[in-house]
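Chain residues, written in single-letter form:
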Amino acid sequence: MNGEIEEIIQVENLRKKYGAIKAVDGISFTVKRGEIFGFLGPNGAGKTTTINILCTLNQPSSGVVYINNYNVVAHPDKVRSFIGLVFQDVTLDDHLTAEENLYLHAMLYGISRKDFTQRKIEVLKICELWDWRKHKVHDFSGGMKRRLEIARSLIAQPKILFLDEPTIGLDPQTRKKVWDYIFNIRKKKDITIFLTTQYLNEAESCDRVAIIDHGKIIASDTPENLKKMVGGDIITIKTEDNDSAEEEFHQKFPQYNIKKIGKELKIEIDKGNEFLPVLVENLNAKIISMELRRPTLEDVFLELTGRQIRENDNGHIETESPLFDLSSLFTLFNPSHNHDKKTKSQ
Amino acid sequence: MIKKPNLNKLSGIFILWYREILMYVRNRIKFFSSIFLPILFLIFFGTGLKTIFPLVTLPYDFAEFFFPGILGLSVTTMALSSTMSIVWDREFGFLKEILVSPVPRSHIALGKILGAATTGLIEGFLLLLAAPYLGINFSLKLFLGGLAIIFLIAYGMASLGICLTARMKRTESFSFILQLIIAPMVFLSGAFFPINNSPAWMVNLSKYNPLTYGINSLRWVVLSQTLKPTIISQLTTNNFITSLGILISFDILITVLAIQLFRKMC
């Protein structure tokens, strides 16, 4: 009857306060059936609070949330019956084996024994834990636990899968595997995936992304459209004296935007490939390295949060490092990216 | 087919009970210590205390008095400490997995209560098997009656445990609270000494102690074949019917309270 609405998640003006702290400050968004929807933001932005409210674990202070047309406050049991969850922290029972954890889950969701036996094989094989099914979870590594949790969340064949930082703390290979798996299940099953992440490259794989900061959604669109907000290309240069280089750039190219991000200067430009030689020719400052690239969600995030920081400061970013240095965060979690930059700079 | 949704819901209670039992059996140290500790109590404490009493001419054997007390103590401790699994689950995350499942909160609480009560029942069962060696005579009927009382005590204590877990976030603090609860409750229940002969303030306090009625009921049932009713009444504060009635009422009230608190805390 109401099972086939287009917008499977509807959130309107959702707020959650803890005393004076506004963890979620009036957010609204919708998620379409079959979509992979990403919630991108730094730690403490309100991602987990939002996900907890969406999956009935937490009560909103105000606002309404409909999951598959059911109000989460009025019909929590109903909502729980068609959602699957993977939390940020491990929620497996250490004392039990992998198989027993799956069995408990199946029982909690009222899955028949026959269905369970069938699905158990399927999910354990996809997550490559079949050989470990008789082992206690206590002996598992972090990656194995995460894979088992994803397998478990699929046992009940949920309509919506909530993943709260599904790949946090995993090595790059396992992360890739988890993502392959997520795409795979999305393709095979009629399932909507809502995930939170602080990895920008993961957010790029989503169909749509909402960027959340300080409890507010500051942008929400497809990754492509978000990147268009930044403009054509990004040039980052590193000079021996960034301050004077910035000053010089302002004088010579007042029409372009230059920002100091960490130890680099970032220029947003429409046709970067044409501007690069002009820049090299006209800039007297000694350049150590230069990089031309397409904007990433990282740039979008800096653009959006950067604007907030600059509000008090007449168009200049403060010389201290930004509050959320996502670029360093990025390199921290993705060593290959760091490596790329280094090789380019040589 | 019509009853299917009900069955599904009951399976939630069952699975939580099942997990509780699984945890109990898997935890071998807990399992064995829970069996041996009361036996040690019986052997050493019982024998030791007996040496004080031979001068006093009692119409009953000390072991007969002491046994139901130890039984009550063991069952209480076991049932209460089993509810620690909720705090444990909260601390290590598994509680979330249970809470987002479609199983209603009340069924989760009931499953936990029944699971913890069952661990108490198992312990009581094993101790009861040892009773004949202490000179307490049994018929099968009495044995089953004893088990029923043990279950009622274990159930009430497990529910009490659930109430206590409401605000507990750490297992350490919970075990501390448990000791604070168990000690006065056991001392004021007449488990170790007949409460009748105690000062009035203790007698008054013991009236508000649910365990008093549990131990009373146990004595009435377990000793009924060994001792005369007039002697048993010296060891208890109330007659059997009153004791049992209060015990059952306590179980019902505390269940309602436990479910309410469990709903609130999640």
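Going by the structure above, here's the rest.
Definitions and limits used
- Residues numbered from 1 in each chain as written.
- Chains lettered and ligands numbered in written order.
- Predicted model: local features only at pLDDT ≥ 70, side-chain atom pairs only at ≥ 80, totals over all residues.
- Heavy atoms only, no water.
- Helix = DSSP H or I, 4+ residues; strand = E, 2+ residues; numbered from the N terminus.
- Buried < 20%, exposed > 50% of the residue type's maximum accessible area, 1.4 Å probe, protein only.
- Contact = heavy atoms within 4.5 Å.
- Areas by Shrake-Rupley, 256 points an atom, 1.4 Å probe, with all protein chains shown as cover.
- Axes fitted to C-alpha atoms, helices over the stretch in contact; angles between N-to-C directions.
- Parallel < 35°, antiparallel > 145°, perpendicular 65-115°, else oblique.
- Left-handed = near helix turned anticlockwise from the far one by under 90°.
- Nonpolar A, V, L, I, M, F, W, Y, C, P; charged D, E, K, R; others polar.
- Pairing = 2+ DSSP bridges.
- Arc of directions from axis to C-beta.
- Buried area = accessible area lost by both parts, 1.4 Å probe.
- Salt bridge = Lys/Arg side-chain N within 4 Å of Asp/Glu carboxyl O.
- Polar contact = N/O pair within 3.5 Å; in protein donor to acceptor, adjacent residues only side chain to side chain.
- Phe/Tyr/Trp six-rings, centres within 6.5 Å; stacked < 30°, edge-to-face > 60°.
- Lys NZ or Arg CZ within 6 Å of the ring centre and 35° of its normal.

> Break down the overall build of chain A for me, citing the residues and quoting the values.
When helices and strands are counted, chain A shows 13 helices and 14 strands. Each of the 346 residues in chain A was classed as buried or not, and the buried ones make up 51%. Relative to all contacts within chain A whose residues are 6 or more apart in sequence, the contacts with residues 24 or more apart total 71%. Of the roughly 16,100 Å² that chain A leaves accessible, carbon and sulfur atoms contribute 48%.

> An account of the packing of helix H7 (residues 140-164) of chain B against helix H8 (residues 171-187) of chain B is needed here, citing residue identities and associated values.
Residue and element names in this part refer to chain B. Two elements in contact, H7 and H8, have axes whose closest approach is 11 Å; the angle formed by their N-to-C orientations is 135°. Comparing the axis directions of H7 and H8 gives the class oblique. For the pair H7 and H8, the sense of crossing is right-handed. Of H8, the residues touching H7 (which contributes Met157, Leu160, Gly161 and Leu164) are Phe174, Leu178, Ile181 and Met185. For the contact of H7 with H8, the per-class residue count stands at 7 nonpolar, 1 polar and no charged.

> Now, about the sheet that holds strand S5 (residues 70-71) of chain A: what can you tell me, with residues and values included?
Residue and element names in this part refer to chain A. If you trace the 4 strands from one edge of the open sheet to the other, you get S2-S1-S4-S5, paired in antiparallel fashion. Two strands in the sheet have a free side with no partner beyond their single neighbour: strand S2 (21-32) and S5. Against the sheet, helix H1 (residues 47-54) touches strand S1 (7-18), S2 and strand S4 (62-67), its axis set at about 120° to S1.

> Can you break down helix H8 (residues 223-230) of chain A residue by residue, with the values?
Residues and elements named next belong to chain A. Those residues of H8 that sit buried are Pro223, Leu226, Lys227 and Val230. Each buried residue of H8 lies within a common arc of 95° when the element is viewed along its axis, so the set occupies one face. Glycine 231 lies just past H8 and shows a positive phi near 110°.

> I'd like to hear about the sheet that holds strand S9 (residues 208-213) of chain A, residue by residue, with values.
All names here are of chain A. Read from one edge to the other, the open sheet built from 6 strands follows the order S6-S7-S8-S3-S9-S10, with strand pairing classed as mixed. Lying at the two open borders of the sheet, with one neighbouring strand each, are strand S6 (83-86) and strand S10 (216-221). This sheet shows a mean twist of 15° between the axes of neighbouring strands, independent of strand direction. In this structure, strand S7 (residues 160-164) lies alongside strand S8 (residues 192-197), joined through 5 bridges in parallel fashion. From the neighbouring strand, isoleucine 160 faces S8, where its bridge partner is threonine 192.

> I'd love a proper account of the interface of chain B and chain A, names of residues and values included.
Each partner contributes to the interface: chain B provides 23 residues, whereas chain A provides 25 residues. For the pair chain B and chain A, the summed buried surface comes to about 2,300 Å²; carbon and sulfur atoms form 64% of the total. Looking at the side of chain B facing chain A, the largest losses of area belong to B:Glu97, B:Val100 and B:Pro102, adding up to 28% of the total buried there. Where A:Asp93 meets B:Arg19, a salt bridge forms, and the shortest distance between an N and an O atom there is 2.4 Å. Between the two partners, chain B and chain A, sit 6 residue pairs in polar contact (both at pLDDT 80 or more). For the side of chain B that touches chain A, the secondary structure elements donating two or more residues are helix H1 (4-26), helix H4 (84-92) and helix H5 (94-99) of chain B. Looking at the side of chain B that touches chain A element by element, the count peaks at 9 residues for H1(B). Here the residues of the side of chain B that touches chain A are counted per class, giving 14 nonpolar, 4 polar and 5 charged.

> Tell me about the environment of A:Asp221, residues and numbers included.
Residues and elements named next belong to chain A. The residue aspartate 221 is located in strand S10 in this model. Note: C-alpha distance between aspartate 221 and glycine 38 (183 residues apart in sequence) is 10.0 Å. Sequence-distant contacts of aspartate 221, defined by excluding residues within four places in its chain, comprise Arg208, Val209 and Leu226. Within polar-contact distance, the side chain of aspartate 221 engages the side chain of asparagine 225 at 3.1 Å.

> Before we move on, can you summarise the packing of aromatic side chains with the specific residues and values?
All names here are of chain A. Here the structure, examined in full by the defined rule, presents 24 aromatic pairs over all chains. On the numbers, 5.3 Å between centres and 10° between planes, the contact of phenylalanine 29 with phenylalanine 37 is stacked. Geometrically, the ring pair formed by phenylalanine 249 and phenylalanine 275 is edge-to-face, given 6.3 Å between the ring centres and 80° between the ring planes. Note that phenylalanine 249 is positioned in helix H9 (residues 242-252) and phenylalanine 275 in helix H10 (residues 272-282), a separation of 26 residues in sequence. Taken as a pair, phenylalanine 249 and phenylalanine 275 share a single burial class, namely buried. Grouping aromatic residues by their ring pairs yields a cluster made of Phe29, Phe37, Phe39, Phe162 and Phe194. The aromatic ring of tryptophan 130 is capped on one face by lysine 125, whose charged end is 5.0 Å from the ring centroid.

By themselves these figures say nothing about function.
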